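Listed here are the chains, written in short residue letters.
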Amino acid sequence: RSSSSSFDQYGSQRKPARIYRLQPFASQVEKTEVMQAIYSQVMDIQGEIPAELQQLGLESRLANGASVRECIRALVSSDFYSQRYYQPYPNAKVVELLFRHLLGRKPSMAELSQFEPLEGGLQPVVDSLLNGAEYVRYFGDNVVPYRREL
């Protein structure tokens, strides 16, 4: 009997990604879980959320009906994201991080070449990825992006 499980670079079996979906009429506990998943995927933050991020008011936006995609757009457009993932890195690394955070995968060489100049800064790339067919197909408005291996 063969298994179709995958293994990481260390030979350990990889766990499938947990998918977080914001359901209509979600409870406050479910919305908090979704917001934690957003911080985990997009900002690589586990546990305590820095005060700078809490000031963005994303939790209240989500609680008041904003979509997951709207919250992610606000988060990736924030000064905090820019300081953490845009300003310290060369353009190629920034594009790689955006693909990982927003699409859950690495960019292809063609995608890297297309986006690497980062003309106009982060926002045009963010908008292109969040409005793109791939994002809509896999995550839509209410699924938190998750790591995918293609």
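These figures come from a predicted structure and were not determined experimentally.

Visitor: Even after reading the chapter, I still don't get the pattern of salt bridges, so can you show me in this structure?
Guide: Across all of its chains, the model carries nine salt bridges by this definition. Among the salt bridges present, the one from R18 reaches E33, with a minimum N-O distance of 3.8 Å. Remark: E33 occurs in helix α1 (residues 28-43) and R18 occurs in the segment before α1; sequence separation between them is 15 residues. Its relative accessible area of 53% is what places R18 among the exposed residues. Of the charged contacts in the structure, one is a salt bridge between E111 and R105, with a shortest N-O distance of 2.7 Å. Across the pair, R105 and E111 agree in class, each one buried.

Visitor: How should the nonpolar core be read in this particular structure?
Guide: Nonpolar side chains in soluble globular proteins generally cluster together in the buried interior. By size, the foremost hydrophobic cluster in this structure holds 43 residues, and its most contacted members are I38, M43, I72 and L98. Among the elements of the structure, α1, α3 (58-63), α4 (68-76), α5 (79-86), α6 (91-103), α7 (109-115) and α8 (122-131) are those that each provide at least two residues to this core. If we skip the residues at most four places from it in the chain, I72 touches I38, V42, L102, L130, Y135 and P145.

Visitor: Help me understand the layout of surface pockets, please; the structure alone is not making it clear to me.
Guide: Gaps left between atoms are located by rolling a probe of water-molecule size over the structure's atoms. Roughly 260 Å³ of internal volume is contained in the second largest pocket. Taken together, eleven residues form the lining of the second largest pocket, with R100, G104, R105, K106 and E149 sitting closest to its centre. Residues belonging to the lining of the second largest pocket are distributed by class as follows: two nonpolar, one polar and eight charged.

Visitor: Teacher, can you tell me more about α8 here?
Guide: Given 3.6 residues to a turn, an α-helix orients residues that are three or four positions apart in the same direction. Of all the positions in α8, only L122, V125, V126, L129 and L130 are classed as buried. On an axial view of α8, the arc spanned by its buried residues comes to 120 degrees, and they lie on one face.

Visitor: Could you clarify how one ought to interpret the confidence of the model for the protein in this entry?
Guide: Should pLDDT be low for a region, the predicted coordinates there are not to be read in detail. The predicted model of the protein averages 87 in pLDDT, with 89% of residues at 70 or higher. Across the protein, element-level confidence peaks in helix α9 (residues 133-138) with a mean pLDDT of 97 and bottoms out in helix α2 (residues 51-54) with 80.

Visitor: Just to check I follow, could you spell out α4 for this structure?
Guide: Residues of α4 that are buried include every one of V68, R69, C71, I72, L75 and V76, and no others. Buried residues of α4 fall within an arc of 160 degrees about the axis and therefore sit on the same side.

Visitor: Sorry, what's going on with the packing of α5 against α6 here?
Guide: Axis angle and axis distance: for two packed helices, these are the angle between their axes and the distance between the axes, and together they describe the pair. Viewed as axis vectors pointing N to C, α5 and α6 meet at an angle of 125 degrees, and their least axial separation amounts to 10 Å. The orientation of α5 relative to α6 falls into the category oblique. Each of Y81, Y85 and Y86 in α5 lies in contact with α6, whose residues at this interface are V94, L97, L98 and H101. Classifying every residue of the contact of α5 with α6 gives six nonpolar, one polar and no charged.

Visitor: What's the story with the side chain of R148 in this structure? I'm lost.
Guide: On the secondary structure map, R148 appears in the segment after α9. On the basis of relative accessibility, which here comes to 8%, the residue R148 falls in the buried class. In terms of polar contacts, R148 uses its side chain to reach the side chain of E134, at 2.3 Å. R148 has contacts with L103, G104, R105, E134, Y138 and F139, leaving out every residue within four places of it along the chain.

Reading guide: rules and limits
- Residues numbered from 1 in each chain as written.
- Predicted model: local features only at pLDDT ≥ 70, side-chain atom pairs only at ≥ 80, totals over all residues.
- Heavy atoms only, no water.
- Salt bridge = Lys/Arg side-chain N within 4 Å of Asp/Glu carboxyl O.
- Helix = DSSP H or I, 4+ residues; strand = E, 2+ residues; numbered from the N terminus.
- Buried < 20%, exposed > 50% of the residue type's maximum accessible area, 1.4 Å probe, protein only.
- Core = buried A, V, L, I, M, F, W, Y, C linked by side-chain atoms within 4.5 Å.
- Contact = heavy atoms within 4.5 Å.
- 1 Å grid on protein atoms, 1.4 Å probe; cavity = no way out; pocket = protein on both sides within 12 Å on 5 of 7 lines; lining within 4 Å.
- Points joined across faces, edges and corners; volume = space filled by probe spheres on them.
- Nonpolar A, V, L, I, M, F, W, Y, C, P; charged D, E, K, R; others polar.
- Arc of directions from axis to C-beta.
- pLDDT = per-residue confidence, 0-100.
- Axes fitted to C-alpha atoms, helices over the stretch in contact; angles between N-to-C directions.
- Parallel < 35°, antiparallel > 145°, perpendicular 65-115°, else oblique.
- Polar contact = N/O pair within 3.5 Å; in protein donor to acceptor, adjacent residues only side chain to side chain.

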